[in-house]
Amino acid sequence: MKRPVCYRVLLAATLCTLFLFSPRPVSAQSTEKFYFWVTGAASVLPGGACGSNSFVIEVDASKKAEIERFWAEKKIAQFRGHIVAGPADYNRNYHAPGHPVWNWHVASVDEIVQIFGILHDASIQPPRDGGACDIALNPSDWIQKYGSVIAFEGYFIGPQIDLSKPDAMANVSNRGVAGMGERKLITGLIVTGGTPRNIVVRALGPSLSSAGIQQIAGNPKIEVFQGSHRIASNADWKSDPRANSFAQNYPSLIPSNDKEAALWLTLWPGTYTLQGSNEDGTEGIILLEAYDVDGNQ
């Protein structure tokens, strides 16, 4: 039987309404999380108990893309977010022995910004002083006093951390005659994994005489390179900014002679080169070493 025209119009309108207002399947947003190492500040507690410090933030895919966009545009990536009292296992101080977990963590990363080098803007950077160590003194009291918003000028978003890859390094040692230029003593080390690692490097000379070694380097110098970029150097171990923390945390590795070189470094996984020389330019025997001080943690 042929339907009336009005019936066919009503049926079409009903179907159209159902199509337009029926629930549509919504594509699920990615719940994958990414972790970035935040470092760059040296907030010191009374007595120098904290020293250099770092922490870790958790972000989603969109914030990860913003961080990478900042880097692609040669901008310094920092952030504005909120903190809460209480630990999160991923939020560790990789600058400290044993990678301890902080007693607070960043609950949300709300905005990727560049704070460093711009005029103070209270809407981006709250007017407060301090850093990770200051919060750790008493996170609840700190939040009550200043609020939960965090945007510290002295901290920068660093490499992405891969928590699934354990970090490791083998201890290395190399003894030989070192001079200047092409006569420098050179050895290499490799840090593997997905997180930073604490390494102590040393260049010994005067103390070798107690082992009967002759023609020692009287004032050895050590330089640490990643590729062609020199990332650290030292000639007298006590002159390094981390010397006090080094002596406190790793007393067995302190050189016995103040003219010997040593550095406590927090290194990102990669390949590094150690170069040893005699600071006065003459040739002498040097013992060049690198210790994985996280190995027994």
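Residues numbered from 1 in each chain as written. Predicted model: local features only at pLDDT ≥ 70, side-chain atom pairs only at ≥ 80, totals over all residues. Heavy atoms only, no water.

Okay, the pairing of strand β12 (residues 261-267) next. Here is the key point about a regular strand: its side chains alternate between the two faces of the sheet. For β12, the tally of buried residues reaches seven of seven residues, placing the bulk of the element in the interior. Where strand β9 (residues 197-204) meets β12, seven bridges bridge the pair, whose relative direction is antiparallel. Counterpart to Ile-199 in the pairing with β12 is Leu-265. (Buried < 20%, exposed > 50% of the residue type's maximum accessible area, 1.4 Å probe, protein only. Helix = DSSP H or I, 4+ residues; strand = E, 2+ residues; numbered from the N terminus. Pairing = 2+ DSSP bridges.)

A word on the sheet that holds strand β6 (residues 156-161). Strands sit in the order β2-β1-β6 across an open sheet of three strands; the sheet is antiparallel. Edge positions in the sheet fall to β2 (55-59) and β6, since each has one partner strand and no second. On average, each strand axis in the sheet is tilted by 35° relative to the strand beside it, whichever way the strands run. Bridge count between strand β1 (residues 34-39) and β6: four bridges; the pairing is antiparallel. When the bridges of β6 are listed, Thr-39 appears paired with Phe-156. (Axes fitted to C-alpha atoms, helices over the stretch in contact; angles between N-to-C directions.)

This part covers the environment of Gly-270. One can find Gly-270 in strand β13 (residues 270-278). For the pair Gly-270 and Gln-226, spaced 44 residues apart in the sequence, the C-alpha separation amounts to 7.9 Å. If we skip the residues at most four places from it in the chain, Gly-270 touches Leu-189, Ile-190, Val-191 and Gln-226. (Contact = heavy atoms within 4.5 Å.)

This paragraph deals with the layout of surface pockets. Within this model, the largest pocket holds a volume of roughly 390 Å³. Surrounding the largest pocket, 17 residues form its lining, Ile-231, Ala-232, Leu-265, Thr-266 and Leu-267 being those nearest its centre. For the lining of the largest pocket, the elements supplying multiple residues, two or more each, are β11 (229-234) and β12. Looking at the lining of the largest pocket, the element that brings in the most residues is β12, giving five residues. Split by residue class, the lining of the largest pocket holds 10 nonpolar, five polar and two charged. (1 Å grid on protein atoms, 1.4 Å probe; cavity = no way out; pocket = protein on both sides within 12 Å on 5 of 7 lines; lining within 4 Å. Points joined across faces, edges and corners; volume = space filled by probe spheres on them. Nonpolar A, V, L, I, M, F, W, Y, C, P; charged D, E, K, R; others polar.)

This brings us to the confidence of the model for the protein chain. For the protein chain, the average pLDDT comes to 81, and 77% of its residues sit at 70 or higher. By mean pLDDT, the top-scoring element of the protein chain is β2 (96), and the lowest-scoring one is helix α1 (residues 5-21) (44). The low-confidence segment residues 5-28 (pLDDT under 50) makes three contacts with residues lying over four places distant or belonging to another chain. Across residues 42-49, where pLDDT falls below 50, the model places 15 contacts with residues more than four positions away in sequence or in other chains. (pLDDT = per-residue confidence, 0-100.)

For the rest of this paragraph, the subject is the packing of aromatic side chains. The full count for this structure, using the stated rule, is 10 aromatic pairs. Over the ring of Phe-34 we find Lys-64; its NZ or CZ atom is 5.2 Å from the centre of that ring. Over the ring of Phe-70 we find Lys-75; its NZ or CZ atom is 5.2 Å from the centre of that ring. (Phe/Tyr/Trp six-rings, centres within 6.5 Å; stacked < 30°, edge-to-face > 60°. Lys NZ or Arg CZ within 6 Å of the ring centre and 35° of its normal.)

Core analysis: the largest hydrophobic core is formed by 24 residues, its most contacted members being Phe-55, Ile-57, Phe-79, Trp-104, Val-106, Ile-112 and Ile-157. Of all elements in the fold, only β1, β2, α2 (61-72), β3 (78-85), β4 (104-113) and α3 (132-137) reach the threshold of two or more residues within this core. Among the elements that take part in this core, β4 stands out by supplying four residues, more than any other. Setting aside its immediate chain neighbours within four residues, Phe-55 contacts Phe-36, Trp-37, Val-38, Phe-79, Asn-91, Arg-92, Trp-102, Trp-104, Val-106, Ala-132 and Tyr-155. Judged by nonpolar contacts, the second largest core, of 20 residues, contains Leu-185, Val-224, Ala-232 and Leu-263. (Core = buried A, V, L, I, M, F, W, Y, C linked by side-chain atoms within 4.5 Å.)

Looking now at unusual backbone geometry. Even without being a glycine, Lys-74 presents a positive backbone phi close to 60°. With respect to the element layout, Lys-74 can be found in the loop between α2 and β3. Its identity as a non-glycine residue notwithstanding, Gln-215 has a phi of 55°, on the positive side. With respect to the helices, strands and loops of the structure, Gln-215 is situated in the loop between β9 and β10 (220-226). Classification of Gln-215 by relative accessible area gives exposed; the value is 68%.

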